Amino acid sequence: MQLRQLVAAFACVWAAQGQLDASLPDALISDDACAAGSADSEACNLGMLQKVRPSELPGAGDDSAPQANSILEHKLALPVIWAGRRDVRGIEACWGRNIGYCNSLAYRAVGTCGSPGCVIIVNPPGHRTRTPLHIHAYGYNGRGAALKRRMEARVCRTGGWVHGGFPCGGRAKLFRGGFPPLFSAAGGGISHACITAWPGSCGGGTIVLVSYHCSIEHSISQR
């Protein structure tokens with residue numbers, strides 16, 4: 001309750017001052033969490049806070065304001081790479097003529113966090129708080145490290161997709177030689193999938209994990 005009130009207060013104050021970032025999605029009605037009828041929910045209010053420029057939160061970057069810095073570090077989970085096109089609402093739009101554009105956003109994401117300790121995450125419809133398409137790029141936690149080790153044990157010596165034993169009925173594959181064009185590499189049938197990509201896997205490749213009708217973001221990420 002305290003977090004919800006704090007988030008709502010920040011959002012209202014900054015909206016009144018015209019400080020919402022116009023480069024980000026502009027309406028709460030476009031949020032999956034808000035459109036689901038939970039406009040007063042913590043997820044919806046967190047989406048409101050995500051629209052505020054980080055440098056404009058009270059005390060951002062100021063050691064004397066640990067509460068504001070804590071919200072930035074642990075709740076916004078920056079960096080997030082946003083699509084600049086309204087027709088690319090989410091992963092469900094990443095096919096056909098849009099796939100090259102979606103791949104370019106994934107390359108931007110891995111450019112912000114591409115070390116072996118990073119994970120790139122795209123959430124499916126129903127398991128995200130905002131539109132249009134956005135891609136998270138940040139470090140994984142202990143559960144993420146355990147999942148990566150489990151995937152490496154099964155895919156490092158194979159050449160194709162490996163099924164079974166992964167979250168949400170997922171499939172995993174190693175792409176050698178760096179970071180692949182993510183949405184093309186994930187293959188078909190991804191409109192309701194959570195895609196995670198793991199740079200620096202198996203000695204220099206990238207493991208792509210495609211999980212279905214769920215999000216594993218909060219269980220594997222440092223946020």
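Here the structure is shown first, and the text comes after it.
Here's a quick rundown of the structure. (Residues numbered from 1 in each chain as written. Predicted model: local features only at pLDDT ≥ 70, side-chain atom pairs only at ≥ 80, totals over all residues. Heavy atoms only, no water.)

**Brief notes about the overall build of the protein chain**
- When you go through the protein chain residue by residue, the secondary structure sums to eight helices and seven strands.
- Across the 223 residues that make up the protein chain, the buried fraction comes to 48%.
- Element-wise, carbon and sulfur atoms account for 55% of the exposed surface of the protein chain, whose accessible area totals about 10000 Å². (Helix = DSSP H or I, 4+ residues; strand = E, 2+ residues; numbered from the N terminus. Buried < 20%, exposed > 50% of the residue type's maximum accessible area, 1.4 Å probe, protein only. Areas by Shrake-Rupley, 256 points an atom, 1.4 Å probe, with all protein chains shown as cover.)

**Quick word on the pattern of salt bridges**
- Tallied over the entire structure, the rule returns two salt bridges.
- Put simply, R85 and D87 hold a salt bridge, and the shortest N to O gap is 2.8 Å.
- Residue classification places R85 among the partly exposed positions, given a relative accessible area of 28%.
- For D87, a relative accessible area of 45% puts it in the partly exposed group.
- In this structure, E92 and R128 form a salt bridge, with 2.9 Å as the shortest nitrogen-oxygen distance. Of this pair, E92 sits in the loop between β1 (80-82) and α5 (99-112) while R128 sits in the loop between β2 (118-122) and β3 (134-139), placing them 36 residues apart in sequence.
- Owing to a relative accessible area of 25%, E92 belongs among the partly exposed residues under this scheme.
- R128 sits in the buried class, given a relative accessible area of 7%. (Salt bridge = Lys/Arg side-chain N within 4 Å of Asp/Glu carboxyl O.)

**Thoughts on the side chain of T196**
- Tracing the backbone shows T196 in strand β6 (residues 193-201).
- If sequence neighbours within four positions are ignored, T196 has contacts with V119, I120, I121, I207, V208, L209, I216 and I220. (Contact = heavy atoms within 4.5 Å.)

**Quick notes on the sheet that holds strand β5 (residues 171-175)**
- The seven strands lie next to each other as β1-β3-β2-β6-β7-β5-β4, forming an open sheet whose pairing is antiparallel. Across the chains shown, the open sheet's two edge strands, defined by having one partner strand only, are β1 and β4 (162-163).
- Running over the sheet, helix α6 (residues 142-155) touches β4, β5, β6 and β7 (205-212) and is turned about 80 degrees from β6. (Pairing = 2+ DSSP bridges. Axes fitted to C-alpha atoms, helices over the stretch in contact; angles between N-to-C directions.)

**Describing the nonpolar core**
- I120, L133, I135, L182, F183, I190 and I195 are the most contacted members of the largest nonpolar core, which has 30 residues in total.
- Listing elements by their share of this core, those giving two or more residues are α5, β2, β3, α7 (182-186), β6 and β7.
- For this core, the element with the most residues is α5, which contributes five residues.
- Excluding residues within four positions of it along the chain, L133 makes contact with I81, W82, A83, V88, R89, G90, I91, C94, C102, L105, V122 and F183.
- In this structure, V155, V162, I216 and I220 belong to the second largest nonpolar core, which totals 19 residues. (Core = buried A, V, L, I, M, F, W, Y, C linked by side-chain atoms within 4.5 Å.)

Just distances and angles here, no functional claims.
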